[in-house]
Amino acid sequence: MKKTFDNKAWFLVLPVFLMVLFNSLIPLMTVVNYSVQETFGNNEFFWSGTRWFEQVLHDRQFHESLMRQIIFTGLVLLIQIPLGLAIALCMPRKGPWVSVCLVLIALPLLVPWNVVGSMWNIMALPDIGLLGKAINGLGISFNYTRQPLAAWFTVVLMDVWHWTSLVVLLCYAGLVSIPDAYYQAAQVDGASRWSVFRYIQLPKLKHVLTIAILLRFMDSFMIYTEVIVLTGGGPGSTTKFLSIDLVQKALGGFDLGPAAAFSIVYFLIILFLSWLFYTLMMRGEAK
Amino acid sequence: MARISFHDLAHAYGPAPSSPEHWALKPMTMTLEDGGAYALLGPSGCGKTTLLNLTSGLLTPTKGRIEFDRVDVTHKTPEERNIAQVFQFPVIYDTMTVYDNLAFPLRNRGVDEATVATRVKGIAGMLDLSSTLQKRASGLTADGKQKISLGRGLVRSDVNVIMFDEPLTVIDPHLKWELRSKLKELHQRIRRTMIYVTHDQTEALTFADKVVVMNDGQVVQIGTPVELFERPRHTFVGHFIGSPGMNLINCDVRDGKAVIGGGEVATENAAKYKGGARTLQLGIRPEFVKFSSEGLPVEVTKVADAGRFNIVSVQAGNQPLKLLVPQGAAIPSGSAKVAFDPARARIYADGWLVGDDARGAAQ
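Residues numbered from 1 in each chain as written. Chains lettered and ligands numbered in written order. Predicted model: local features only at pLDDT ≥ 70, side-chain atom pairs only at ≥ 80, totals over all residues. Heavy atoms only, no water.

With that out of the way, let us pick up helix H12 (residues 242-252) of chain A. All names here are of chain A. Of all the positions in H12, only Leu242, Ser243, Ile244, Asp245, Leu246, Lys249 and Ala250 are classed as buried. Along its buried surface, H12 packs onto helix H3 (60-90), helix H10 (206-221), helix H11 (225-230) and helix H13 (256-281). Just downstream of H12, Phe254 is the residue with a positive phi angle, here 55°. (Buried < 20%, exposed > 50% of the residue type's maximum accessible area, 1.4 Å probe, protein only. Helix = DSSP H or I, 4+ residues; strand = E, 2+ residues; numbered from the N terminus. Contact = heavy atoms within 4.5 Å.)

Structure (structure tokens):
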């Protein structure tokens, strides 16, 4: 059979290239453009080299929000991944309750982000909110607009409520795809419930968990809307995460150069950490 | 080691059905002797895997009892029954080495490491896995993985019964022969009850001492391969076993004599027919039909070369019939006459062998 070559086929890929160009490459290059120059308006630009980058990297505020961001994301991953996995393991595999459970679990994912923020904002209010009032009723002083710890507690709880569902759904999908024969073989082999989890379910969920961790990492590292609505970064700047810091610099201070440099550093951190997670979790797969 | 008996055992997926045809496994009573090599043979969906899973305890029967050595185990778990089972598709523990995979059933039961090492090495040697023992099990080929599954089934020395659910489906043909003879050899050495589920008659007939033929949720015959061939109790067995299968010709029985197309045919059991059947058939294997000067008039329609034999297709009236004629023997063309070996020609009423009292045992 004779193979035919027709390079015109490349035109079919063109729309994709164009889309990528307009929605990521061009905006990204604009940011790069701002990050190495100084502007005073009137479309006048002056070359400033790596000055903005140096400024951002030595900025104490940036270090602090980065630290807060890492702690927040770490907490979120530590809670949501095991919790999501545990809930998925408890869910029924067949029967009429499957769809009920799935709908209930998926519900938080359908709520718009700023609505999530408002909901928890009202719910955690110490005087009229259900949660805030209940905690205070237990004799614990709780006011997230004044106490950093209370603010952190509310923010993390909100994120757990909002996003654990995603981990549950991913893990559940992974669990139901394990063939029955594995469980039957384990039963015949006399494996304990823990062994079934450790040697069958966990290894089979490896890929799904990798994806869940990556998604949750990226999303929580970029969290903005819910937190800005809930605490606005406060009290003080105790819940000011990277994205909030960035928006304040770019829009509040109108420091376009440093903000652009900030954006690029932010992007590179996420890219690097995502790569690191992926490489670590996929290690040994090629063997 | 155990003698396994089923008492009025039946299973339905879902609630107990009202009409008999909805049972996945229809009520049956049967005993498997201790140390026997049994094969459950039948087409897909005939209930053989259901019977196997009931035996191993992965399913709880809708009704009836299962006994191991007269002890009721109907509601016991697979672990309590102390059985081993190998599944159709390889099941391996991905994160473990081959060695750990084979050792898993032993370690779960608290066997000491020295014994584990001897057992695992013995089984690995038998299955040609010795060189891969320290490798990760997930890196092996499908063949290798299924060998691990087999090995995990065989590694324990104290099991009551070892069950194989079409274990060689994913194995290459040349390895199939080898593994099957290994299993047979192993059975002769350890003399443990083995049940082998398959839809392949060659596999069943070469592995088993006794074959349990199943069709449509019921056991139609239990017998040695020779019995199944020479004296099928049901037309299904005659048709399913043998290549080509048994000839079945619609006939009539008058005064204890079989009648086909107006001519009488001598049979082994027509005299035992007591009447009342909806369909009457004469069954005879192609091996026992001969061209002759006297007998049933037929038209020769096709001759197929099958190596040592020719398979000759003929029409008797409007009914097809096959003969096996040794290579080199003369084959008439056009009109001819065929005769049946009277000791091998049998009458089947509604599918069941006429005058066969042992029929109840299989039901």
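Using the criterion set out here, one finds 20 aromatic pairs over all chains in the structure. Considering the side-chain rings of Phe221(A) and Tyr266(A), the 6.3 Å spacing of their centres and the 55° angle between planes classify their relative orientation as tilted. With a gap of 45 residues between them, Phe221(A) in helix H10 and Tyr266(A) in helix H13 connect regions that are remote in the sequence. Tyr266(A) matches Phe221(A) in its accessibility class, with the two residues each being buried. Cation over ring: Arg180(B) sits above Trp177(B), and NZ or CZ is 4.6 Å from the ring centre. Against the face of Phe288(B) rests Arg344(B), its NZ or CZ located 4.4 Å from the ring centre. (Phe/Tyr/Trp six-rings, centres within 6.5 Å; stacked < 30°, edge-to-face > 60°. Lys NZ or Arg CZ within 6 Å of the ring centre and 35° of its normal.)

Here the focus is the sheet that holds strand E9 (residues 210-215) of chain B. All names here are of chain B. An order of E6-E7-E8-E3-E9-E10 is seen for the 6 strands of this open sheet, with the pairing classed as mixed. Whereas interior strands pair on both sides, the edge strands pair on one side only; in this sheet they are strand E6 (84-86) and strand E10 (218-223). Recorded for the sheet is a direction-independent mean angle of 15° between the axes of neighbouring strands. As judged from the 5 bridges shared by E9 and E10, these two strands associate in the antiparallel manner. Paired with Val213 across the strands is Gln221, a residue of E10. Here helix H6 (residues 173-190) sits on the sheet and contacts strand E3 (37-41), strand E7 (161-165) and strand E8 (193-198); the angle it forms with E8, its principal contact strand, is near 160°. (Pairing = 2+ DSSP bridges. Axes fitted to C-alpha atoms, helices over the stretch in contact; angles between N-to-C directions.)

This next bit is on the interface of chain A and chain B. At the junction of the two partners, chain A supplies 17 residues and chain B supplies 22 residues. Both faces considered, chain A and chain B share a buried interface measuring about 1,600 Å² in area, 58% of it formed by carbon and sulfur atoms. When the area that chain A buries against chain B is broken down by residue, the three leading residues are Val188(A), Asp189(A) and Tyr199(A), summing to 39%. Our count for the contact surface shared by chain A and chain B stands at 2 salt bridges. Between Lys204(A) and Asp94(B) there is a salt bridge whose closest N-O contact spans 3.0 Å. Put simply, chain A and chain B have 6 residue pairs in polar contact (both at pLDDT 80 or more) between them. Looking at the side of chain A that touches chain B, the elements that each hand over two or more residues are helix H8 (180-188) and helix H9 (193-204) of chain A. (Buried area = accessible area lost by both parts, 1.4 Å probe. Salt bridge = Lys/Arg side-chain N within 4 Å of Asp/Glu carboxyl O. Polar contact = N/O pair within 3.5 Å; in protein donor to acceptor, adjacent residues only side chain to side chain.)

This part is about the side chain of Asn247(B). Residue and element names in this part refer to chain B. Summarising the element assignment, Asn247 is placed in strand E11 (residues 247-250). Relative accessible area serves as the criterion here: at 5%, Asn247 is assigned to the buried category. Within polar-contact distance, the side chain of Asn247 engages the backbone oxygen of Lys322 at 2.8 Å. If sequence neighbours within four positions are ignored, Asn247 has contacts with Leu282, Gly283, Ile284, Arg285, Pro286, Val289, Leu321 and Lys322.

The next point concerns the domain arrangement of chain B. Residue and element names in this part refer to chain B. Domain boundaries assigned for chain B yield domain 1 (4-230) and domain 2 (244-357). Taken together, the contact pairs 4 residues of domain 1 with 6 residues of domain 2. Each partner contributes to the roughly 470 Å² buried at the junction of domain 1 and domain 2, and carbon and sulfur atoms together form 48% of this total. Together, Val220, Phe229 and Glu230 form the three largest contributors to the area buried by domain 1 at its contact with domain 2, with a combined 86%. At the junction of domain 1 with domain 2, the criterion picks out 1 salt bridge. For the salt bridge of Glu230 with Arg344, the shortest nitrogen-to-oxygen distance reads 3.5 Å. (Domains from an automatic or database assignment.)

A few words now on the pattern of salt bridges. Applying the stated criterion across every chain yields a total of 23 salt bridges over all chains. Across the pair Arg216(A) and Asp159(A) runs a salt bridge, and its minimum N-O distance is 2.7 Å. Of the two residues, Arg216(A) is situated in helix H10 and Asp159(A) in helix H7 (residues 148-176); the sequence distance between them amounts to 57 residues. Take Arg216(A) and Asp159(A): they sit in the same class, and that class is buried. With its nearest N and O atoms 3.8 Å apart, the salt bridge here joins Glu203(B) to Arg180(B). Note that Glu203(B) is positioned in helix H7 (residues 201-207) and Arg180(B) in helix H6, a separation of 23 residues in sequence.

What follows concerns the nonpolar core. Residues Leu102(B), Val120(B), Ile148(B), Leu154(B), Phe164(B), Val211(B) and Val213(B) are the most contacted members of the largest nonpolar core, which totals 49 residues. Each residue touching Leu102(B), except ones within four places of it in the same chain, is listed here: Val120(B), Ala124(B), Leu129(B), Leu133(B), Ile148(B), Gly151(B), Arg152(B) and Val155(B). If you look at the next biggest cluster of nonpolar residues, it comprises 48 residues, including Leu77(A), Ile178(A), Ala185(A) and Met96(B). (Core = buried A, V, L, I, M, F, W, Y, C linked by side-chain atoms within 4.5 Å.)

Residue and element names in this part refer to chain B. Strand order in the open sheet formed by 4 strands is E2-E1-E4-E5, and the pairing between neighbours is antiparallel. Where the open sheet ends on each side, the last strands, each with one partner, are strand E2 (25-32) and strand E5 (71-72). Where strand E1 (residues 4-11) and E2 come together, 5 bridges link them in antiparallel fashion. Note on E2: the bridge partner recorded for Phe6 is Met30.

Looking now at the packing of H3(A) against H7(A). All names here are of chain A. Put simply, H3 and H7 touch, their axes get as near as 7 Å, and they point 45° apart. As judged from the angle between their axes, H3 and H7 are oblique. Handedness of the H3/H7 crossing: right-handed. (Parallel < 35°, antiparallel > 145°, perpendicular 65-115°, else oblique. Left-handed = near helix turned anticlockwise from the far one by under 90°.)

The subject of this paragraph is the side chain of Lys240(A). All names here are of chain A. Mapped onto the fold, Lys240 is located in the loop between H11 and H12. One buried charged residue, Lys240, remains without a salt bridge, the closest side chain of opposite sign being Asp245 at 4.1 Å. In terms of polar contacts, Lys240 uses its side chain to reach the side chain of Gln248, at 3.1 Å. Lys240 has contacts with Gln61, Ser65, Arg68, Gly233, Asp245 and Gln248, leaving out every residue within four places of it along the chain. (Lys, Arg positive; Asp, Glu negative; His and termini not counted.)

Residue and element names in this part refer to chain B. Note: strand E12 (residues 252-254) against strand E13 (residues 257-260), 3 bridges, orientation antiparallel. For Asp252, the partnering residue across the bridge sits in E13 and is Val259. The antiparallel pairing of E12 with E13 creates a hairpin that spans 2 residues between the two strands, and Asp255 there sits at a positive phi of about 50°. Looking at chain direction, E13 and strand E14 (residues 263-265) are connected through 3 bridges and run antiparallel. When the bridges of E14 are listed, Val259 appears paired with Glu264.

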